[in-house]
Amino acid sequence: MAASPAGAAPDARRTTEDWWRTSIIDMSPGVIRYRGYPIQDLIRERVSLAQMIWLLTRGDLPTPGQAGLLEAALMAAVDHGPQAPSIAIARMAATCGVGLNSAMASAVNVLGDVHGGAGEQAVELYQDIAARIDAGAGEDRAVQEGLDAFVAVHGKVVAGFGHRFHPVDPRSAPLLALVDEAAAAGEVDGRFARIGRAVEARLSAAKGKPIPMNIDGATAVIYAELGFAAPLARGLFCLSRSVGVLAHAWEQTAQDVRIKGPIPRQYQPTYDGPPPREVPVQG
């Protein structure tokens, strides 16, 4: 927008129209275009939700192979049962009489650095190792230095590896197999799958026992292979987990239970405060 001459009042109409600027959607009465594509054409061509997620976040439609990998990553992480805090919170919120949107918002709001952010951190780790390799470090050195740098920032738990519930996460191997197929077909490079496996091998060797890649590490391989920025990995996980959150919140509303807390009511949390005591006399 051209600057107004000195002393002249700005064009109020242009100022209003340019209040928000977006390249995502072009909308006017009777017209909806996403990144230039008319919505009616996207509907007619049966463009999938995964393709739309790519289109809106990346700027254009993915290839079928890219869309398939993204779909698999999103599908694989939809739910992990009420032992996952996000799912439990959705169900507890539903017993408090809130609507589905509030139950879902309550759940998504706890997807932080520890529960929900592991995929983003794993992408950052993989990309850091890749950058070290590109700078001339050998793979072994790059993996070790990348892990050292990660632990220095985040602590000893390496995001994307090991699992508090599964000895071996059943979702990881099938996802990595899809990456291998896509790499063989030229849809992705395959370097981040190699890096992820190298990290797994290094961690297992250091611990003297298997430290398998988990769902966050496997989906991080996919998001890195597909070129997503690391912060988008967390956003994509939020989209994925919202499916399970919705299903559990909806199921809980049908069970007609009121005010269900995180532990059965016959159990009491451990109290470790002062023993019973008298209130001192005031004044």
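These notes cover the structure that comes with them. Quick caveat: nothing in here was measured; it's all calculated off a predicted structure.

**Details of the pattern of salt bridges**
Okay, step 1: The tally for this structure, following the rule as stated, stands at 14 salt bridges.
Okay, step 2: Of the charged contacts in the structure, one is a salt bridge between aspartate 134 and arginine 191, with a shortest N-O distance of 3.0 Å. Remark: arginine 191 occurs in helix H10 (residues 191-207) and aspartate 134 occurs in helix H7 (residues 118-134); sequence separation between them is 57 residues.
Okay, step 3: In this structure aspartate 134 comes out as exposed when scored by relative accessible area, which is 58%.
Okay, step 4: With relative accessibility at 21%, the residue arginine 191 sits in the partly exposed group.
Okay, step 5: Through salt bridges with shared partners, one network takes in Asp128, Arg132, Arg141 and Glu145.

**Focus on the nonpolar core**
Okay, step 1: Core analysis: the biggest nonpolar cluster contains 53 residues, and Leu70, Tyr126, Phe161, Val199, Ile222, Tyr223 and Leu226 have the highest contact counts within it.
Okay, step 2: Broken down by secondary-structure element, the contributors of at least two residues to this core are helix H3 (49-58), helix H4 (64-76), H7, helix H8 (139-154), helix H9 (172-184), H10, helix H11 (215-225) and helix H12 (230-254).
Okay, step 3: Isoleucine 222 has contacts with Leu69, Ala73, Leu175 and Val179, leaving out every residue within four places of it along the chain.
Okay, step 4: Of all hydrophobic cores here, the second largest spans 8 residues; its members include Ala84, Ala93, Ala103 and Ala107.

**With respect to the side chain of glutamine 66**
Okay, step 1: Mapped onto the elements of the fold, glutamine 66 is located in helix H4.
Okay, step 2: When its relative accessible area of 18% is taken as the criterion, glutamine 66 is described as buried.
Okay, step 3: A polar contact of 2.9 Å, which involves the side chain of glutamine 66, links it to the backbone nitrogen of threonine 63.
Okay, step 4: Residue contacts for glutamine 66: discarding those within four places in its chain leaves Trp54, Glu187 and Leu226.

**Thoughts on the pairing of strand E2 (residues 31-34)**
Okay, step 1: Pairing of strand E1 (residues 25-28) with E2 involves 4 bridges; the strand directions are antiparallel. Each residue of the ladder has a partner; that of methionine 27, found in E2, is isoleucine 32.
Okay, step 2: The antiparallel hairpin formed by E1 and E2 contains 2 residues in its connecting segment, where glycine 30 sits at a positive phi of about 85°.
Okay, step 3: Bridge count for E2 against strand E3 (residues 37-38) is 2 bridges, and the pairing is antiparallel. Looking at E3, one finds that tyrosine 34 is bridged to tyrosine 37.
Okay, step 4: Turn length for the E2-E3 hairpin, with the two strands adjacent in sequence and antiparallel, is 2 residues, and the turn residue arginine 35 shows positive phi of about 50°.

**Some remarks on the packing of H4 against H9**
The geometry of a pair of packed helices is captured by two quantities: the angle between their axes and the separation between those axes.
Okay, step 1: Between H4 and H9, whose axes approach to 10 Å, the crossing angle comes to 175°. By the angle between their axes, H4 is roughly antiparallel relative to H9. Between H4 and H9, the residues in contact are Leu69, Ala72, Ala73 and Ala76 and Leu175, Leu178, Val179 and Ala182, respectively.
Okay, step 2: Tallied by class, the residues present in the contact of H4 with H9 amount to 8 nonpolar, no polar and no charged.

Each value, and the rule that gives it
Residues numbered from 1 in each chain as written. Predicted model: local features only at pLDDT ≥ 70, side-chain atom pairs only at ≥ 80, totals over all residues. Heavy atoms only, no water. Salt bridge = Lys/Arg side-chain N within 4 Å of Asp/Glu carboxyl O. Helix = DSSP H or I, 4+ residues; strand = E, 2+ residues; numbered from the N terminus. Buried < 20%, exposed > 50% of the residue type's maximum accessible area, 1.4 Å probe, protein only. Core = buried A, V, L, I, M, F, W, Y, C linked by side-chain atoms within 4.5 Å. Contact = heavy atoms within 4.5 Å. Polar contact = N/O pair within 3.5 Å; in protein donor to acceptor, adjacent residues only side chain to side chain. Pairing = 2+ DSSP bridges. Axes fitted to C-alpha atoms, helices over the stretch in contact; angles between N-to-C directions. Parallel < 35°, antiparallel > 145°, perpendicular 65-115°, else oblique. Nonpolar A, V, L, I, M, F, W, Y, C, P; charged D, E, K, R; others polar.

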